[in-house]
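Read off the chains here:
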Amino acid sequence: MEVRKVGVVGLGTMGAGIAQVCVQANVETIGREVTEELAERARGRVAHYLGRGVESGRLTADERDAALARLTTTTELADLADCDLVIEAVVEELGAKRELFRELEDVVAPDAVLATNTSALSVTDIASATERSERVVGMHFFNPAPVLPLVEVVRTEAASDDAVEAAYAFAERIGKRPIRCGDTPGFVVNRILIPLLNDCVRVLDEAGVTPEDLDTAMTAGLNWPIGPCALIDLIGIDVHVHASEALHSALGEARMEPPSRLVGMRDAGHLGRKSGRGFFVYDE
Ligand SMILES: NC(=O)c1ccc[n+]([C@@H]2O[C@H](COP(=O)([O-])OP(=O)(O)OC[C@H]3O[C@@H](n4cnc5c(N)ncnc54)[C@H](O)[C@@H]3O)[C@@H](O)[C@H]2O)c1
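Just so you know, these numbers come straight off a predicted model, no measurement behind them.

So, on to the sheet that holds strand S5 (residues 113-116). Across the sheet, 8 strands lie side by side as S3-S2-S1-S4-S5-S6-S7-S8; this open sheet has mixed pairing. What marks the edges here is a single partner per strand, and that holds for strand S3 (71-74) and strand S8 (177-182). Between one strand axis and the next, the sheet turns through 25° on average, direction left out of account. Its contacts with the sheet place helix H1 (residues 13-24) against strand S1 (5-9), strand S2 (28-32), S3, strand S4 (85-88) and strand S6 (136-141), and it is angled at close to 165° to S1.

So this is what it looks like as structure tokens:
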């Protein structure tokens, strides 16, 4: 099944990045937001990042203009009727995603593939809101989507080979490095990363080490490209705590429970880079 047009629902951090990746890969893309203003803001962000690509010589001004011309936005779900693939990137709430998938199946063709970018919810629970769970898969992109190559293509028990392979082939076509995996909590990366980062935070107190020294330990001792404290600041303390809670409630392992230090930082509004303060202080 060939994807001629893609729809992206929710143009926040992830959706705008995914839309950017699609238009840069020559795919006609329509993004749906809840208001015109949010849609315009997302379009502005895509234009900004494409513009940075021109400044750094990664693409020409003509390529930027052509990519931007392939992106349309709407507030009407019905405008996604001719999409062969729709990637959902709305808020991480099961009720909101189930409602959206129910609406989407009435809008798109019967053989369209519906993908969710959920990080921590069960794709099966989202798919079961529809009457065509064989066409529903996970396509889990990583943040920032235009930079990180991985896409976890998540297969539920009900998914058809055709839908999974269409999602996999599409991810390859837009220049990503997809992998196939089952619909288990945290999929692959978060299943490993979340308890690991929680261990790192617990070591801060257990070993009486500073965030700076912990990051040095892991970058200088293990060749990690970024230290764990800097990484949690980048992810966002709130996002990490939320994902830890989801994994802990699904699997019950003690290491998955968010460390109290992180919960305290979240409650104090120290959310990492986006709030200007997390383990470290940021100027911008
Ligand atoms: N931020 C990350 O690092 C990251 C990484 C991988 C996956 N995810 C997942 O991607 C999804 C989106 O996360 P995000 O960080 O981009 O969130 P975000 O809050 O930045 O963006 C969500 C957007 O969806 C819009 N929206 C909400 N309901 C909508 C609807 N019915 N139709 C259209 N738009 C709607 C909101 O207006 C908002 O702009 C979540 O499921 C999250 O778990 C996030």
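Okay, back to it.
Take the environment of valine 147 next. Within the secondary structure, valine 147 is located in the loop between S6 and strand S7 (150-155). Exposure remark for valine 147: the relative accessible area of 58% places this residue in the exposed category. A sequence separation of 38 residues divides valine 147 from alanine 109, and the C-alpha atoms of the two residues are 31 Å apart.

This part is about the pattern of salt bridges. Counted according to the given criterion, the structure contains 18 salt bridges. A salt bridge links glutamate 28 to lysine 5; its shortest N-O distance comes to 4.0 Å. Linking glutamate 28 in strand S2 with lysine 5 in strand S1, this pair joins segments that are 23 residues apart in sequence. The exposure class of lysine 5 is buried, given its relative accessible area of 11%. The shortest N-O distance in the salt bridge between aspartate 205 and arginine 261 comes to 2.8 Å. Linking aspartate 205 in helix H7 (residues 189-206) with arginine 261 in helix H11 (residues 260-267), this pair joins segments that are 56 residues apart in sequence. Assessed through its relative accessible area of 30%, arginine 261 is described here as partly exposed.

Taken as a whole and judged by the stated rule, the model has 1 cavity of 30 Å³ or more. In this structure, the largest cavity spans a volume of roughly 50 Å³. Along its surface, the largest cavity is lined by Ser119, Ala120, Pro185, Gly186, Asn190, Ile194, Ala243, Ala246 and Leu247. Secondary structure elements with two or more residues in the lining of the largest cavity: H7 and helix H10 (237-251). Looking at which element gives the most residues to the lining of the largest cavity, the answer is H10, with 3 residues. Split into classes, the residues belonging to the lining of the largest cavity amount to 6 nonpolar, 3 polar and no charged.

Around the ligand, 19 residues are found, and the nearest of them are Met14, Glu33, Glu92, Lys97 and Asn117. Between an oxygen atom of the ligand and a main-chain N or O atom of valine 90, the distance comes to 3.4 Å. In the environment of the ligand, an oxygen atom lies 2.7 Å from a nitrogen or oxygen atom belonging to the side chain of lysine 97. Elements with a minimum of two residues in the shell around the ligand: H1 and S6. Grouping the constituent residues of the shell around the ligand by class yields 7 nonpolar, 8 polar and 4 charged.

About the thresholds
Residues numbered from 1 in each chain as written. Predicted model: local features only at pLDDT ≥ 70, side-chain atom pairs only at ≥ 80, totals over all residues. Heavy atoms only, no water. Pairing = 2+ DSSP bridges. Helix = DSSP H or I, 4+ residues; strand = E, 2+ residues; numbered from the N terminus. Axes fitted to C-alpha atoms, helices over the stretch in contact; angles between N-to-C directions. Contact = heavy atoms within 4.5 Å. Buried < 20%, exposed > 50% of the residue type's maximum accessible area, 1.4 Å probe, protein only. Salt bridge = Lys/Arg side-chain N within 4 Å of Asp/Glu carboxyl O. 1 Å grid on protein atoms, 1.4 Å probe; cavity = no way out; pocket = protein on both sides within 12 Å on 5 of 7 lines; lining within 4 Å. Points joined across faces, edges and corners; volume = space filled by probe spheres on them. Nonpolar A, V, L, I, M, F, W, Y, C, P; charged D, E, K, R; others polar. Near = heavy atom within 4 Å. Polar contact = N/O pair within 3.5 Å; in protein donor to acceptor, adjacent residues only side chain to side chain.

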